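Survey of secondary and tertiary structure
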Amino acid sequence: APRTVLISGCSSGIGLELAVQLAHDPKKRYQVVATMRDLGKKETLEAAAGEALGQTLTVAQLDVCSDESVAQCLSCIQGEVDVLVNNAGMGLVGPLEGLSLAAMQNVFDTNFFGAVRLVKAVLPGMKRRRQGHIVVISSVMGLQGVIFNDVYAASKFALEGFFESLAIQLLQFNIFISLVEPGPVVTEFEGKLLAQVSTAEFPGTDPETLHYFRDLYLPASRELFRSVGQNPQDVVQAIVNVISSTRPPLRRQTNIRYSPLTTLKTVDSSGSLYVRTTHRLLFRCPRLLNLGLQCLSCGCLPMRVRPR
Ligand code: NAD
């Protein structure tokens, strides 16, 4: 029988692409429940799903920030979820002093507690059936901090700690956890962030910090998306591989071109190498903006940590 896959955040980006790809599986291994907060945005998904709509793909309402919405959605499918994909998420960038606590809590409610809510809802059924797979779209920012992404990175670190802990218990129930960690992905995600930033004033932030944010960080970030950004299709291929694996990995990075940066943290457990190198890339190396990660070959990084 096909496995029921429930995906959050399918109105755009990675969630939409994943839903469509799984629904078109040539071996028809999946029955996809593609969910979104606002059903008014379902047209793009339905058009992309084509003849799979109503067959291997159904669309359902789900706001990961609402207990009632989660309960309602799961009652419609009798709570029988074989694969849960926690994809819904949002970003937040900017100098900390200028961001409200409410905005930060909203990020945690969506990115972290949104996943926790869904897991609490599907876990009893998975445990009873002694099978299941929980996939979480984390980020390389779940592994390492990035300047002016303090709160977003914290929400992804929270997911990493939560699901690594849970993975140990769930192994006993034959339930697998996989954290997928993309680098930059070219979706609406970046545009939504830039739109927020263009109107935000970041009250209470000193001019020097604002200058670093607007004149160093934002151009560097744009350049990073341009130089090493992946298409959602490439990320989706990595997720599909994880879902169809018989022994799913706990962690899977999707972007080899980003790995020079994640390697810095693995090779030096004190953390200084990562912090000092990324500081230097942003504040000292003039070639970063033009060359992105190729900067690694210009001497910014000590030879011994350059990736082979
Ligand atoms: P996206 O903005 O296209 O997709 C995010 C989706 O989540 C949207 O459809 C949005 O409506 C939905 N969402 C937000 N709040 C929700 C809520 N309360 N309930 C239900 N749905 C909600 O961007 P994307 O790039 O496809 O992002 C998908 C995931 O990938 C996110 O978790 C994001 O953090 C992660 N990610 C993105 C990037 C990137 O650079 N784009 C990199 C690493 C990880």
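Residues numbered from 1 in each chain as written. Predicted model: local features only at pLDDT ≥ 70, side-chain atom pairs only at ≥ 80, totals over all residues. Heavy atoms only, no water.

Attention now goes to the site of the ligand. Inspection of the region around the ligand gives 27 residues, with Ser12, Asn87, Tyr152, Thr187 and Lys192 positioned closest. Within the side chain of Ser12, a nitrogen or oxygen atom sits 2.8 Å from an oxygen atom of the ligand. Between the ligand and Gly89, the relevant distance is 3.4 Å, taken from an oxygen atom to a main-chain nitrogen or oxygen of the residue. Bound to the protein, the ligand loses 96% of the 830 Å² it would expose on its own. Looking at the shell around the ligand, its residues break down into 12 nonpolar, 11 polar and four charged. (Near = heavy atom within 4 Å. Polar contact = N/O pair within 3.5 Å; in protein donor to acceptor, adjacent residues only side chain to side chain. Areas by Shrake-Rupley, 256 points an atom, 1.4 Å probe, with all protein chains shown as cover. Nonpolar A, V, L, I, M, F, W, Y, C, P; charged D, E, K, R; others polar.)

Low pLDDT means the predicted coordinates in that region are not meant to be read closely. Residues at a pLDDT of 70 or more form 92% of the protein chain, whose mean pLDDT is 92. The model gives residues 302-308 a pLDDT under 50, and that stretch makes eight contacts with residues more than four places away or in other chains. (pLDDT = per-residue confidence, 0-100. Contact = heavy atoms within 4.5 Å.)

As a further point, take the sheet that holds strand β4 (residues 83-86). In space, the seven strands of this open sheet follow the order β3-β2-β1-β4-β5-β6-β7, with parallel pairing throughout. Pairing within the sheet leaves two strands with one partner each, and these edge strands are β3 (57-61) and β7 (251-253). The mean inter-strand angle of the sheet, taken between neighbouring strand axes irrespective of direction, is 20°. Two elements, strand β2 (residues 30-36) and β3, share five bridges in a ladder whose sense is parallel. If you follow Ala34 over to β3, its bridge partner there is Val59. Strands in contact with helix α8 (residues 232-244) are β1 (3-7), β2, β4, β5 (132-137), β6 (175-181) and β7; relative to β5, the strand with the most contacts, it is inclined by about 160°. (Pairing = 2+ DSSP bridges. Helix = DSSP H or I, 4+ residues; strand = E, 2+ residues; numbered from the N terminus. Axes fitted to C-alpha atoms, helices over the stretch in contact; angles between N-to-C directions.)

Mapped onto the elements of the fold, Asn255 is located in the loop between β7 and α9 (259-267). Beyond its immediate sequence surroundings of up to four residues, Asn255 is in contact with Gly183, Pro184, Val228 and Gln230.

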